[in-house]
Amino acid sequence: MRIRPAAPAELPALQDIERAAGAPFRDLGMPEIADDEPPALDVLERYRRAGRCWVATDEGDRPDAYLLAEPVDGALHIEQVSVHPRAARRGVGRALLAHAADRAREEGLTALTLTTFTDVPWNAPYYARLGFRPLPEADLTPGLRAIRATEAAHGLDRRPRVCMRAPL
């Protein structure tokens, strides 16, 4: 596995990864998540141009997973991390998060943050195993509050969600 910045021509493949990674949500009774459209190409391009769209590639240098991030209130916020099911359970997500943490440290950021579903095994419980801890509502920064409000406007709060933080 190799982690590197995404190339412009790979952005449609990232959408395919997102669709495949979303499919298991259907088995949890979350078809609205499974059917949710991946980030648009212009959104992916914005992250790519900012240097915050990384891919984990297979032996043929084809993306198997990707991570999008942006600085929010002194931390690097993980906007999206998706692993294609063909690459699941091989440490790919963990490696992408470690890569993001390294980049965040280089930029002088103090933590990684993310928002996720509390009751999905490969969401909050997985991130907790990697050192992320839930943030109480009172401890959310203004930027994280804005992210949660955007998520709520998109209907993501129909299921229990939490904001999590891992110090660097």
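Our subject in this report is the structure included herewith. It should be emphasised that the depicted structure is a prediction, and the values quoted were computed from it without experimental measurement. (Residues numbered from 1 in each chain as written. Predicted model: local features only at pLDDT ≥ 70, side-chain atom pairs only at ≥ 80, totals over all residues. Heavy atoms only, no water.)

A look at the pattern of salt bridges
- By the definition in use, this model includes 15 salt bridges.
- With its nearest N and O atoms 2.7 Å apart, the salt bridge here joins Arg49 to Glu45. Placement of the pair is Arg49 and Glu45 together in helix H3 (residues 41–49), with a separation of four residues, close to one helical turn.
- Between Arg148 and Glu151 there is a salt bridge, and its shortest N-O distance comes to 3.6 Å. Separated by three residues within a single helix, Arg148 and Glu151 lie in helix H6 (residues 142–153), roughly one turn from each other.
- Exposure remark for Arg148: the relative accessible area of 14% places this residue in the buried category.
- Taking relative accessible area as the criterion, Glu151 reaches 9% and is therefore assigned buried. (Salt bridge = Lys/Arg side-chain N within 4 Å of Asp/Glu carboxyl O. Helix = DSSP H or I, 4+ residues; strand = E, 2+ residues; numbered from the N terminus. Buried < 20%, exposed > 50% of the residue type's maximum accessible area, 1.4 Å probe, protein only.)

Some points on the environment of Arg159
- One can find Arg159 in the loop between H6 and strand S7 (161–167).
- By relative accessible area, Arg159 is classed as partly exposed at 26%.
- Once residues within four sequence positions are removed from consideration, Arg159 is found in contact with Gly29, Met30, Glu32 and Phe117. (Contact = heavy atoms within 4.5 Å.)

With respect to the sheet that holds strand S1 (residues 2–5)
- Reading across from one edge, S1-S2-S3-S4-S5-S7-S6 is the order of the seven strands in this open sheet, with mixed pairing throughout. The open sheet has two free edges, formed respectively by S1 and strand S6 (133–134), since each of these has just one partner strand.
- The strands that H3 touches are strand S2 (53–57), strand S3 (63–72) and strand S4 (75–83); relative to S3, the one it contacts most, it runs at about 70°. (Pairing = 2+ DSSP bridges. Axes fitted to C-alpha atoms, helices over the stretch in contact; angles between N-to-C directions.)

Points about the nonpolar core
- Ranked by internal contacts, the top residues of the largest apolar core, which has 24 residues, are Leu67, Leu76, Ile78, Leu96, Leu112 and Phe132.
- If you list the elements that add at least two residues to this core, you get S2, S3, S4, helix H4 (92–106), strand S5 (111–117), helix H5 (124–129) and S7.
- With residues up to four places along the chain from it excluded, the contact list for Ile78 reads Leu67, Leu68, Ala69, Leu97, Ala100, Leu112, Thr113 and Leu114.
- Core analysis: the second largest hydrophobic core is formed by 10 residues, Leu14, Ile17, Tyr47 and Leu68 among them. (Core = buried A, V, L, I, M, F, W, Y, C linked by side-chain atoms within 4.5 Å.)

Remarks on the packing of aromatic side chains
- This structure, assessed with the given rule, holds four aromatic pairs.
- Seen from their ring centres, Phe25 and Trp122 are 5.2 Å apart, and the 75° between their planes marks the pair as edge-to-face. Here Phe25, found in the loop between helix H1 (11–22) and helix H2 (31–34), pairs with Trp122, found in the loop between S5 and H5; they are 97 residues apart in sequence, far enough to count as distant.
- Accessibility expressed as a relative area gives 8% for Phe25, which makes it buried.
- Taking 5.3 Å as the distance between ring centres and 65° as the angle between the ring planes, the aromatic pair formed by Tyr126 and Tyr127 counts as edge-to-face.
- By way of ring pairs, the aromatic residues Phe25, Phe117 and Trp122 are connected into one cluster.
- The lysine or arginine in question, Arg46, covers the ring of Tyr47, its NZ or CZ lying 4.7 Å from the ring centre.
- It is Arg161 that lies over the ring of Phe117; its NZ or CZ is 4.5 Å from the centre. (Phe/Tyr/Trp six-rings, centres within 6.5 Å; stacked < 30°, edge-to-face > 60°. Lys NZ or Arg CZ within 6 Å of the ring centre and 35° of its normal.)

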